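# Reading the structure
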Amino acid sequence: QVQLVEFGGGLVQPGGSLRISCAASGLISRFNVMGWYRQAPGKQRELVATMTSGGTSNYADSVKGRFDISRDNAKNTVYLQMNTLKPEDTAVYYCNLARPDVGGIQYWGKGTLVTVSS
């Protein structure tokens, strides 16, 4: 199985920056997509950003130009650099790993809370 552990959540003021990371361990396929989803109170979980093992990224419109996703395949780790944070970015951020090569099997981390407030 695969385990995902997030690091780096916390409190930051509007306009600030924060980097969160996710380390994967276990039976990890060479072909996968890692990324971040978030869920704010009273809202559905939504995609934030993803990156394939080949380096192709995808971003939600709400974070384009502000957030940057990257990954280190050797360390099985994905990062999300969040800049110009807004209160609307406040949410629990969940790490996700998907294996489209075997029908879209997905794994989830427990989440890390990011709070943007002054």
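Cut-offs used in this document
- Residues numbered from 1 in each chain as written.
- Predicted model: local features only at pLDDT ≥ 70, side-chain atom pairs only at ≥ 80, totals over all residues.
- Heavy atoms only, no water.
- Helix = DSSP H or I, 4+ residues; strand = E, 2+ residues; numbered from the N terminus.
- Buried < 20%, exposed > 50% of the residue type's maximum accessible area, 1.4 Å probe, protein only.
- Disulfide = S-S within 2.5 Å.
- Contact = heavy atoms within 4.5 Å.

A few words now on the environment of Lys110. Looking at the element boundaries, Lys110 is found in the loop between strand S10 (105-108) and strand S11 (112-116). Take Lys110: its relative accessible area is 79%, and that puts it in the exposed class.

This brings us to the state of the cysteines. For the structure on display, the rule yields 1 disulfide. Residue Cys22 pairs covalently with Cys95 via a disulfide, S to S 2.0 Å. Across the disulfide from Cys22 to Cys95, rotation about the S-S bond amounts to roughly -85°, and the bridge is consequently left-handed. Of this pair, Cys22 sits in strand S3 (residues 18-26) while Cys95 sits in strand S9 (residues 91-99), and the two are 73 residues apart along the sequence. Here Cys22 and Cys95 have matching classes, each one buried.

As a further point, take the environment of Ser70. With respect to the helices, strands and loops of the structure, Ser70 is situated in strand S7 (residues 67-72). Ser70 gets classed as partly exposed once you look at its relative accessible area, which sits at 34%. When the C-alpha positions of Ser70 and Trp108 are compared, they lie 18 Å apart, and in sequence the two are 38 residues distant. Among all residues touching Ser70, those that are not within four sequence positions of it are Met51, Thr77, Val78 and Tyr79.

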